[in-house]
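This is what each chain is made of:
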Amino acid sequence: MAKKNKPVTKLPCMTLPDALKTFALCESGVQGQAHIQPLHWYTASRLVIEGGFAPETITPRPPLTVTKTTSGLILEYDPSVARPGEQTVFGGLKTKDVDVVVALPGIGPVVAISMKGSLNAFRNLTNRMEEAAGDCTNLHLAYPGLVYAFWHIFRANTEGTAPPDAPAFLKLKEGRIASADIAVRRDGSLSSYLARYFFAMERLSGRSDMRDDPSSYEAVGITLVDVAGTCSGEPLSTHPPQGNPLRHENMFATIYRQYDLRFVYQSPALKDQTRRLIWSDQSPAIKDRSSLDYIPRTGPSDSDESDELEQNAH
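Quantities reported herein were computed from a predicted structural model and do not represent experimental measurements.

About the cut-offs
- Residues numbered from 1 in each chain as written.
- Predicted model: local features only at pLDDT ≥ 70, side-chain atom pairs only at ≥ 80, totals over all residues.
- Heavy atoms only, no water.
- Helix = DSSP H or I, 4+ residues; strand = E, 2+ residues; numbered from the N terminus.
- Expected span 1.5 Å × (residues − 1).
- Buried < 20%, exposed > 50% of the residue type's maximum accessible area, 1.4 Å probe, protein only.
- Contact = heavy atoms within 4.5 Å.
- Salt bridge = Lys/Arg side-chain N within 4 Å of Asp/Glu carboxyl O.
- Phe/Tyr/Trp six-rings, centres within 6.5 Å; stacked < 30°, edge-to-face > 60°.

1. As for helix 4 (residues 192–203)
Helix length check: helix 4, at 12 residues, gives a terminal C-alpha distance of 17 Å against a target of 16 Å (1.5 Å per residue), a fit within 8%. Along helix 4, the positions that sit buried rather than exposed are L194, Y197, F198, A200 and M201. Buried residues along helix 4 sit in contact with helix 3 (125–142), strand 8 (147–156) and strand 9 (219–226).

Here it is, written out as structure tokens:
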């Protein structure tokens, strides 16, 4: 059951660059949720606008409402309906509070995304690998069909002199980034800590069938925030490289594909409950697309996706 929280009257930023900038420059470091919560809002809203999930099925409840009209489903921005919080999900060994969850009435959790943020001290990433495998196994034991993803965001501290907006939690040595806090070498390559982590997490992703190994995620995303100069909040374009399954845009695409295969294509009797929604391109919430780093799910409301699902199944 989702934790009950008061309505949100003022939301944190929800565009990806703004959320990543808040993350990278957070003066409190990883204490509390201030560094990562904007990314929770971004993810929940993206699952609606791009993913086609109804906003009321998502925790945290995004600031979006849906109105059915003769011209289609109209998506509107409304901060008064937003609710923060995580959702407690049953596991095979213990319950877990998951950052972003899609749960359908009468079916239960169908998509879950755990998020982790690392700003420094990258030598501790070995512990993150063990935690990730354990969390994944725990939830898949209880919900084998759950499309479970893990998104890890890093501050891409670059070897050498720290930028002028480097936050205080980076304990600099004569103005330079400490070796344990380096994510990217001076030549643009990953530090040994991150290189090993990328390799391990790619092996922990790609679960394509609910009968597969429960210790693997359906998708894993890794995003490095470019902080080589004054932080803009832009993801680093070189790591992961283009086309790599660990890029966050590929993580979202995998989530949608696996969800459709399991809950729509393989369960045609339930498709009226499970089919992802399509928004009218007249929706006020998506008229200005310049701030979006993804394509909204728009089109005719009666679009037949059976051919697309059939293609995905093979």
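2. Observations regarding the pattern of salt bridges
Evaluation of the coordinates by the stated rule reveals 11 salt bridges. R46 serves as the salt-bridge partner of D293, at 3.5 Å between the closest nitrogen and oxygen. Placement of D293 in the loop between helix 6 (271–274) and helix 7 (306–312) and of R46 in helix 2 (residues 37–49) is noted, with a sequence separation of 247 residues between them. Between E131 and K116 there is a salt bridge, and its shortest N-O distance comes to 3.9 Å. Within this pair, whereas E131 is found in helix 3, its partner K116 is found in strand 7 (residues 108–118), the two being separated by 15 residues in sequence. Since its relative accessible area comes to 29%, K116 is described here as partly exposed. Through salt bridges with shared partners, a single network forms among R46, E50 and D293.

3. Some remarks on the packing of aromatic side chains
One pass over the full model with this rule turns up 10 aromatic pairs. Considering the side-chain rings of W151 and F252, the 5.7 Å spacing of their centres and the 85° angle between planes classify their relative orientation as edge-to-face. Note that W151 is positioned in strand 8 and F252 in helix 5 (residues 248–265), a separation of 101 residues in sequence. Classification of W151 as buried rests on a relative accessible area of 0%.

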